[in-house]
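Tertiary structure, described
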Amino acid sequence: MQVLFENLEALFFALAFGSVVFGLLARLLGVRRTWPFFLLAALWLVLNPDRHM
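Rules behind the numbers
- Residues numbered from 1 in each chain as written.
- Predicted model: local features only at pLDDT ≥ 70, side-chain atom pairs only at ≥ 80, totals over all residues.
- Heavy atoms only, no water.
- Phe/Tyr/Trp six-rings, centres within 6.5 Å; stacked < 30°, edge-to-face > 60°.
- Helix = DSSP H or I, 4+ residues; strand = E, 2+ residues; numbered from the N terminus.
- Buried < 20%, exposed > 50% of the residue type's maximum accessible area, 1.4 Å probe, protein only.
- Contact = heavy atoms within 4.5 Å.
- pLDDT = per-residue confidence, 0-100.

Comments concerning the packing of aromatic side chains
- One pass over the full model with this rule turns up 2 aromatic pairs.
- Their ring planes at 65° and their centres at 5.5 Å tell us that Phe 12 and Trp 44 sit as a pair that is edge-to-face. In this pair, Phe 12 is assigned in helix α2 (residues 8-28) and Trp 44 in helix α3 (residues 35-47), connecting sequence segments 32 residues apart.
- Taking relative accessible area as the criterion, Phe 12 reaches 13% and is therefore assigned buried.
- By relative accessible area, which is 24% here, Trp 44 ends up partly exposed.
- For the ring pair Phe 22 and Phe 37, a centre distance of 4.9 Å and an interplane angle of 75° mean the geometry is edge-to-face. Here Phe 22 is found in helix α2, whereas its partner Phe 37 is found in helix α3, with 15 residues between them in sequence.

Quick notes on the side chain of Ser 19
- Here Ser 19 is to be found in helix α2.
- Given a relative accessible area of 9%, Ser 19 falls into the buried group.
- Once you skip the residues sitting within four places of it in the chain, Ser 19 turns out to touch Phe 37, Leu 40, Ala 41 and Trp 44.

A few points about the confidence of the model for the chain
- When pLDDT is averaged across the chain, the result is 86; 92% of the residues are at 70 or more.
- Mean pLDDT across the elements of the chain bottoms out in helix α1 (residues 2-6) (82) and peaks in α2 (91).

Describing the environment of Thr 34
- Relative to the assigned elements, Thr 34 resides in the loop between α2 and α3.
- For the pair Thr 34 and Val 20, spaced 14 residues apart in sequence, the C-alpha separation works out to 9.6 Å.
- Filtering out sequence-adjacent residues up to four positions away, Thr 34 remains in contact with Gly 23, Ala 26 and Arg 27.

In structure tokens, the structure reads:
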């Protein structure tokens, strides 16, 4: 469990990146409504507990 908390920032970035890639692929395949994927990516970045601004 400690390893999970130590790598939480990397997990959130990976989830955000995956959401963006999935949204782009869906758009390329002709899906018209892809904004939820990009909204999810933004949510993962906002919820990132270790972000440095």
